[in-house]
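# Chain and residue survey
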Number of protein chains: 2
Amino acid sequence: MGVSLKDVALRAGVSVKTVSNVVNNYPHVTTVTRARVQQAIDELGYRPNLTARHLRKGRTGILALAVPELSNPYFADLAGAVIDAAARHDYTVLLDHTAGERAKEILVCQGFRSHVIDGLILSPIELETEDLLGRTDTAPLVLLGERQYDVPYDHIAIDNVAASRTAVRHLLDLGNRRIAFLGARFESERQPAHLRLRGWREEIRAAGLVPDESLVIATDGYGRTDGAAAMAALLDRGERPDAVFAYNDLIALGAMRTLTERGLRVAQDVAVVGFDDIEEGRFGGVSLTTISPDKQAIARLAVDGLVQRLARSPSGPPAAEPRRARPGFRLVVRESTARRTP
Amino acid sequence: MGVSLKDVALRAGVSVKTVSNVVNNYPHVTTVTRARVQQAIDELGYRPNLTARHLRKGRTGILALAVPELSNPYFADLAGAVIDAAARHDYTVLLDHTAGERAKEILVCQGFRSHVIDGLILSPIELETEDLLGRTDTAPLVLLGERQYDVPYDHIAIDNVAASRTAVRHLLDLGNRRIAFLGARFESERQPAHLRLRGWREEIRAAGLVPDESLVIATDGYGRTDGAAAMAALLDRGERPDAVFAYNDLIALGAMRTLTERGLRVAQDVAVVGFDDIEEGRFGGVSLTTISPDKQAIARLAVDGLVQRLARSPSGPPAAEPRRARPGFRLVVRESTARRTP
DNA sequence: CTGAAAGCGCTTACAG
DNA sequence: CTGAAAGCGCTTACAG
């Protein structure tokens, strides 16, 4: 179908080697030869077959990124940042989403129909340590996010406990005492929300208070509707916190919606802090105070780590020892925690 | 590095052909042979090299999707839907974003470092007809969205004029007469917002009114900040519309933020309608009335079209004649256009 | 039902 | 500075 190196070589009256040299911009090709080859390329409309090149070189130039949901703006933004970071190294990104389901996460880890990728960046939710230990795919893997694993893979995550403590301290400084925590799946040590809940507990204790576990509400998922339902459940139980710290912005935004519907004023009646700093939080009726992780740094660290490993041993088992990177975060104060006017 | 078919064949004491047959689940392999081969595969941990398979078959199993921005929830949701639709056909998705810049869109069209893909789905903003006519890449292409081109490629878009008219009629039915239009790049016939602006004009005329062009505001981009700025500009000019129809939800949400900041009540003072039906619109302080395009259908039509073409002529020039598909849409009425209590 | 061999389009030592 | 040839790992007519 396509035009091959051989066709170009034939037309230019040189060997394929020479054409290859021209295509790959190798030095040491006579100007005149180069011109002749280039002309043949143009006339024939030759385009190199990357698949063949990949087969030969053992690399594809493709990185995969798997996140729970693209519909969560945090992950959509992260994906954009990863695509940009990858482009800087001439890599292209294959995107997948797992819905946060263990089976799908395992599939992705195992290189499911993806022997085509050079490396993988995964943001897991339900994946277990054993799934990772049983991994047979040889492409380098970088883990993202709050989950903790004892496995020999690079791991990139902000300090979730410290970030949560910062958020809770802000709420305490404002005079709040009954601070609710809204989040999903924090039962076990290893689960996603665990570290943020721990930050909530630690900071409340550090203030000399006793964490009120009845103010901890488990959401079903990580979306706006989950936050709205959790807030409603809390209020229905007759609890009336003076502040809410949510696992993420989406849950916080859902909670704010419920507060408004119930006639409670965000900030004045109930202060709210989220986590992620998605742009949406800045544009609601009341803008949202939140923890802003450095997404650019996360994307860059993930991609750079992969690229480095790839340069060292193309698709081999972890050569260098696994790294844990800690990108930064900051608290962004907005209207949802405006100081109450007494 | 990896284990090849040959290694497995050697171990199982059969030819590579037989191993290939087993791997590909071809019938006509003795149960005993199959078992022996399978055992060798397991022992060696053999994983087929997809790149080699691709080279041989001339197909990669990868579809590319290029959207303007992943940070726009509409496109993030669309990307998710495309990934799911592709998975149903055993295709995987390479994602790229163009920032709506012509140069980047051309690059994507030309198969920029992407001879690895079987087909391309592109949602263009600035791309011109000539860019498309000059396309040399042979991978089938499906165009998405409002832009109109006279080119031999599949095009999938809802009826933007009809959708806009529906939105404006809703506003008129509510008794609004001064309806502003907020959108980007609608100057030329071919530009993205042109059809939606046309719908605004047509419906106002159909109501026996004269479209007031001073209520048409060009935004810089398609985001929340652009909508907020456009609304502010309009109010600063002393105009006080009784309704706003925005090119998309993000612009509408930004406009709503400005209205609130200026002490105007959304719905009671100024009704607002957006376009896209992103989830965020349902959770603001005031939920947003919007046009909801059938994203699932759009994704399905795009992927199915590509897959069909691929089945026919793997990466050849458009064999079948180009199709224009028209997925549906509906108006979703929410609080931002609640009937005014007189 | 299975084997030997060619070839997908490229890169890369190895010669000259 | 350029050529002839092997080989990346697979699939697929062609035989048997």
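Keep in mind that what you see is a predicted model, and the values were worked out from it rather than measured.

Each helix and strand counted, chain A has 12 helices and 12 strands in total. Computed over its C-alpha atoms, the radius of gyration of chain A comes to 26 Å, more than 25% above the 20 Å expected for a compact globule of 342 residues. A principal-axis box enclosing the C-alpha atoms of chain A has dimensions of 85 × 40 × 30 Å. Within chain A, the fraction of its 342 residues that count as buried is 50%. Restricting to contacts in chain A with at least 6 residues of sequence separation, those with at least 24 account for 68%.

Moving on to the UniProt feature "domain: HTH lacI-type" (unreviewed entry) in chain A. As recorded in UniProt, the sites labelled "domain: HTH lacI-type" (unreviewed entry) are residues 3-57 of chain A. Between the end C-alpha atoms of residues 3-57 of chain A the distance is 20 Å, and the span holds 69% helix and 0% strand.

Moving on, we get to the pairing of strand β10 (residues 289-293) of chain A. Residues and elements named next belong to chain A. Counting buried positions along β10 gives 4 out of 5 residues, so the element sits mostly inside the fold. Sheet analysis places β10 next to strand β12 (residues 329-332), joined by 4 bridges and oriented antiparallel. Opposite P293, over in β12, you have F329 as the bridge partner.

Okay, the interface of chain B and chain A next. Contact residues are listed per partner, giving 45 residues for chain B and 45 residues for chain A. Put simply, the parts of the chain that give the side of chain B that touches chain A at least two residues each are α4 (50-57), α5 (73-87), β2 (92-97) and α11 (249-261) of chain B. Considered class by class, the residues forming the side of chain B that touches chain A number 17 nonpolar, 19 polar and 9 charged. With 3 bridges connecting them, strand β2 (residues 92-97) of chain A and β2 of chain B associate as antiparallel partners. What sits directly across from L94 of chain A, in β2 of chain B, is L94 of chain B.

In this section: the relation of the copies chain B and chain A. Rotating chain B by 180° and translating it 0.0 Å along the rotation axis places it on chain A, where the RMSD comes to 0.1 Å. Viewed as a symmetry operation, the transformation between the two copies matches a two-fold axis. Both copies contact each other with a shared surface, as 100% of the interface residues of chain B are interface residues in chain A too.

The subject of this paragraph is the domain arrangement of chain A. Each assigned domain of chain A is listed with its residue range as follows: domain 1 (5-48), domain 2 (59-158 + 295-327) and domain 3 (160-293). Contacts between the two partners involve 12 residues from domain 2 of chain A, matched on the other side by 13 residues from domain 3 of chain A.

What follows covers the sheet that holds strand β7 (residues 216-219) of chain B. Residues and elements named next belong to chain B. Strand order in the open sheet formed by 6 strands is β7-β6-β8-β9-β10-β12, with mixed pairing between adjacent strands. Single-partner strands in this sheet number two, and they are β7 and β12 (329-332). Each adjacent strand pair in this sheet contributes to an overall mean axis angle of 15°, direction not counted. Running at roughly 165° to strand β6 (residues 179-184), helix α9 (residues 194-206) makes contact with β6, β7, β8 (243-246) and β9 (271-275) of the sheet. Its contacts with the sheet place helix α10 (residues 224-236) against β6, β7 and β8, and it is angled at close to 145° to β7.

Glancing now at the protein's contact with DNA strand C. Neighbouring residues of DNA strand C: 27 residues in total, closest L5, N49 and A52 of chain A together with H28 and T33 of chain B. Taken together, the elements giving at least two residues each to the surface near DNA strand C come down to α2 (16-23) and α4 (50-57) of chain A together with α2 (16-23) and α4 of chain B. For the surface near DNA strand C, the element with the most residues is α4 of chain A, which contributes 5 residues. Partitioned by chemical class, the residues of the surface near DNA strand C number 11 nonpolar, 10 polar and 6 charged.

Close contacts around DNA strand D come from 27 residues, with H28 and T33 of chain A together with L5, N49 and A52 of chain B the closest. Counting only elements with at least two residues in the surface near DNA strand D, the list comes to α2 and α4 of chain A together with α2 and α4 of chain B. The element best represented in the surface near DNA strand D is α4 of chain B, accounting for 5 residues. Looking at the surface near DNA strand D, its residues break down into 11 nonpolar, 10 polar and 6 charged.

Right, let's get into the packing of helix α1 (residues 5-12) of chain B against helix α3 (residues 31-44) of chain B. Residue and element names in this part refer to chain B. Put simply, α1 and α3 touch, their axes get as near as 9 Å, and they point 125° apart. By the angle between their axes, α1 is oblique relative to α3. For α1 against α3, the interelement crossing comes out right-handed. Between α1 and α3, the contacting residues are D7, V8, R11 and A12 on the first element and R36, V37, A40, I41, E43 and L44 on the second. Of the residues contributing to the contact of α1 with α3, the split by class is 6 nonpolar, no polar and 4 charged.

Here the focus is the sheet that holds strand β3 (residues 119-122) of chain B. Read across the open sheet, the 12 strands follow the order β11(A)-β5(A)-β4(A)-β3(A)-β1(A)-β2(A)-β2(B)-β1(B)-β3(B)-β4(B)-β5(B)-β11(B); overall the sheet is mixed. The sheet is open, and its two borders are formed by β11 (324-325) of chain A together with β11 (324-325) of chain B, each paired with just one other strand. As paired strands, strand β4 (residues 141-144) of chain A and strand β5 (residues 154-156) of chain A are joined by 3 bridges and run parallel to one another. Looking across to β5 of chain A, one finds that L144 of chain A is bridged to I156 of chain A. Sheet strands in contact with α5 of chain B are β2 of chain A together with β1 (62-67), β2 and β3 of chain B, and its direction is about 170° off that of β1 of chain B.

All names here are of chain A. Their axes nearest at 8 Å, the elements helix α1 (residues 5-12) and α2 cross at an angle of 105°. The angle between α1 and α2 places the two elements in the roughly perpendicular class. On α2, the residues touching L5, K6, V8, A9 and A12 of α1 are V16, V19 and S20. When its residues are assigned to classes, the contact of α1 with α2 shows 6 nonpolar, 1 polar and 1 charged.

Further remarks concern helix α10 (residues 224-236) of chain A. Residues and elements named next belong to chain A. Taking 1.5 Å of rise per residue, the 13 residues of α10 would be expected to cover 18 Å, and the 18 Å separating its terminal C-alpha atoms lies within 8% of that figure. Of the positions making up α10, those classed as buried are R224, D226, G227, A228, A229, A230, M231 and L234. Buried residues along α10 sit against β6 (179-184), β7 (216-219), β8 (243-246) and α11 (249-261). Count one or two residues on from α10 and you reach G238, which has phi positive near 90°.

Right, let's talk about α3 of chain B for a bit. Residue and element names in this part refer to chain B. With 14 residues, α3 should reach 20 Å at 1.5 Å per residue; the first-to-last C-alpha distance of 20 Å fits that figure. Buried within α3 are the following residues: V37, A40 and I41. Buried residues of α3, viewed axially, fall in a sector of 100°; they line one side. Exposed and oriented more than 90 degrees from the buried face of α3 are T31, V32, D42 and E43. Where the residues of α3 are buried, they touch α1 and α2. G45, located one to two residues past α3, shows a positive phi value of around 65°.

Cut-offs applied
Residues numbered from 1 in each chain as written. Chains lettered and ligands numbered in written order. Predicted model: local features only at pLDDT ≥ 70, side-chain atom pairs only at ≥ 80, totals over all residues. Helix = DSSP H or I, 4+ residues; strand = E, 2+ residues; numbered from the N terminus. Rg over C-alpha atoms; globule rule 2.2 N^0.38 Å. Buried ≥ 20, exposed ≤ 12 C-beta atoms within 10 Å, placed from the backbone. Contact = placed C-beta atoms within 7 Å. UniProt positions renumbered as here; feature names shortened; annotations may be inferred. Pairing = 2+ DSSP bridges. Nonpolar A, V, L, I, M, F, W, Y, C, P; charged D, E, K, R; others polar. Least-squares fit on C-alpha atoms with pLDDT ≥ 70 in both. Domains from an automatic or database assignment. Axes fitted to C-alpha atoms, helices over the stretch in contact; angles between N-to-C directions. Near = placed C-beta within 6 Å. Parallel < 35°, antiparallel > 145°, perpendicular 65-115°, else oblique. Left-handed = near helix turned anticlockwise from the far one by under 90°. Expected span 1.5 Å × (residues − 1). Arc of directions from axis to C-beta.

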